[in-house]
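# Descriptive analysis of the structure
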Amino acid sequence: MKYFSLILATTLLLGGSGDAMAKASAAMKAGLFNEALTHINEAQRLDQANPDVYRMKAFLHEVLDQPKLALAAWKSCLDLSKDEKLSTEAKIHILILSETL
Amino acid sequence: MKKLFLFIPLLWMWGCWSGPAVNPYFDFNQVGVIELIPISDHSYMPGSGEMVQSSLTYNFLKYGFDVNESNTGGTKINVGIGWRTLALSCVITEFTDSEIIVVPYRYEERGSTKTTVNLSSETDADSDNAETSTSTSTTTDGGSLREGSRIDYTRARVGIILKMRDKDSGSLVWSNSYWYSGLELHRTTEVCIRNGVNQVRKLF
């Protein structure tokens, strides 16, 4: 008697925000800022109260020369931040971006 | 009540913007030339002094000032028709493109679907028939909301202190510090310096 088994395993990952954040980080490190922004937007949807995510998003908009969107992200970051250093950073960026617009 | 509404935005601006220190007795209309003192490198970044100096002269030129770089290395910026000369010095307080930022986040593990297919074949020695059977099982993980995960990325950060002193008297007439952050060192340096030069030009 001869037995053989063939096991096929398929894991379907639908892409949670954790996955999106990891992808955004990897894309940023590779200098793929447009791709990173796509992943950040996805991650932000599930973690909307995280000021650090807005800071990442703002940095990406700045490097992609999108000052209006960067300004909006910094304002959201400032609204949500409870950290003094992060708030100061957001204020500096808001001030400078406001002058350039 | 109106005063209160005026006071709140002023307080907010004051909190994020510490303005420059200015000598109130100095008349900037008497200034004709600003001499740029060569900028020393930041201790961790050779070449940073030259980068900042180039960015300074570029921004002065961009704002419409007459910039003169002599063969001996001295740089003069003509800002008016006055007779006084100011010496502009710049100290680089921060210059890095590898500051690590850790981002804690929570995320939703949306679950997964795992399908296992078992395929078995049985051959009977006394028979010419072979039997094959297949079974399939599917398990679904409903997912969960997790906290405590983190990723990291690196950013650039540039900080400078600008100072201007009257070359004749030696007295400090203006000083301010600036810093900026971003993903690219070049752009971050550019914005930081532009912000400083933008403040200086308002004096003349």
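Residues numbered from 1 in each chain as written. Chains lettered and ligands numbered in written order. Predicted model: local features only at pLDDT ≥ 70, side-chain atom pairs only at ≥ 80, totals over all residues.

Further remarks concern the overall build of chain B. Looking only at helices and strands, chain B features three helices and nine strands. Here chain B, with 204 residues, has 23% of them falling under the buried criterion. A separation of at least 24 residues holds for 71% of the contacts in chain B among residues at least 6 apart in sequence. (Helix = DSSP H or I, 4+ residues; strand = E, 2+ residues; numbered from the N terminus. Buried ≥ 20, exposed ≤ 12 C-beta atoms within 10 Å, placed from the backbone. Contact = placed C-beta atoms within 7 Å.)

Bringing the overall build of chain A into the picture now. Helix and strand content of chain A: five helices and zero strands. Helices and strands in chain A line up, N terminus first, as α-α-α-α-α. Put simply, of all contacts in chain A between residues at least 6 apart along the chain, 35% involve residues at least 24 apart.

All names here are of chain A. Looking at chain A as a whole, the pLDDT averages 84, with 82% of positions reaching at least 70. Averaged pLDDT values over the elements of chain A bottom out at 86 in helix α1 (residues 17–29) and peak at 97 in helix α4 (residues 67–80). With pLDDT under 50 throughout, residues 1–15 is counted as low confidence; its partners more than four residues away or in other chains account for 29 contacts. (pLDDT = per-residue confidence, 0-100.)

Attention now goes to the nonpolar core. Core analysis: the biggest nonpolar cluster contains 58 residues, and A24, A36, I40 and W74 of chain A together with V52, C90 and I160 of chain B have the highest contact counts within it. Residues within four places of C90 of chain B in sequence aside, it is in contact with I39, V52, L56, I160 and L162 of chain B. (Core = buried A, V, L, I, M, F, W, Y, C linked by C-beta atoms within 7 Å.)

Glancing now at the packing of helix α3 (residues 51–63) of chain A against α4 of chain A. Residue and element names in this part refer to chain A. One can describe the packing of α3 onto α4 by two numbers: an axis separation of 8 Å at closest approach and a directional angle of 160°. In this view, α3 runs roughly antiparallel relative to α4, as classed from their interaxial angle. The hand of the α3/α4 crossing is left-handed. Facing P51, Y54, R55, K57, A58, H61 and E62 of α3, the residues of α4 in contact are L69, A70, A73, W74, S76, C77 and L80. In terms of residue class, the contact of α3 with α4 is made up of nine nonpolar, two polar and three charged. (Axes fitted to C-alpha atoms, helices over the stretch in contact; angles between N-to-C directions. Parallel < 35°, antiparallel > 145°, perpendicular 65-115°, else oblique. Left-handed = near helix turned anticlockwise from the far one by under 90°. Nonpolar A, V, L, I, M, F, W, Y, C, P; charged D, E, K, R; others polar.)

Once that is clear, we can look at unusual backbone geometry. Positive phi outside glycine occurs at D65 of chain A, with the angle close to 60°. Looking at where D65 of chain A falls in the secondary structure, it is placed in the loop between α3 and α4.

Let us look at helix α3 (residues 185–201) of chain B. Residues lying three or four places apart along an α-helix face the same way, a consequence of the helix completing one turn every 3.6 residues. With 17 residues, α3 of chain B ought to run about 24 Å at 1.5 Å a step, and its terminal C-alpha atoms sit 24 Å apart, in line with that. For α3 of chain B, the full list of buried residues reads T188, T189, V191, C192, I193, R194, N195, G196, V197 and V200 of chain B. (Expected span 1.5 Å × (residues − 1).)

Residue and element names in this part refer to chain A. Between its first and last C-alpha, α4 extends 20 Å over 14 residues, near the 20 Å set by a 1.5 Å rise per residue. Among all positions in α4, only A70, L71, A73, W74, S76, C77 and L78 are buried. On the buried face of α4, the contacting elements are α3 and α5 (84–100).

Right, let's talk about the environment of Y54 of chain A for a bit. Residues and elements named next belong to chain A. Within the secondary structure, Y54 sits in helix α3. Under the C-beta neighbour-count criterion, Y54 is labelled buried, with 25 such atoms within 10 Å. Spatially, the C-alpha atoms of Y54 and A36 are 13 Å apart, while their sequence positions differ by 18 residues. For Y54, the contacting residues outside a window of four places in its chain are A73, S76, C77 and L80.

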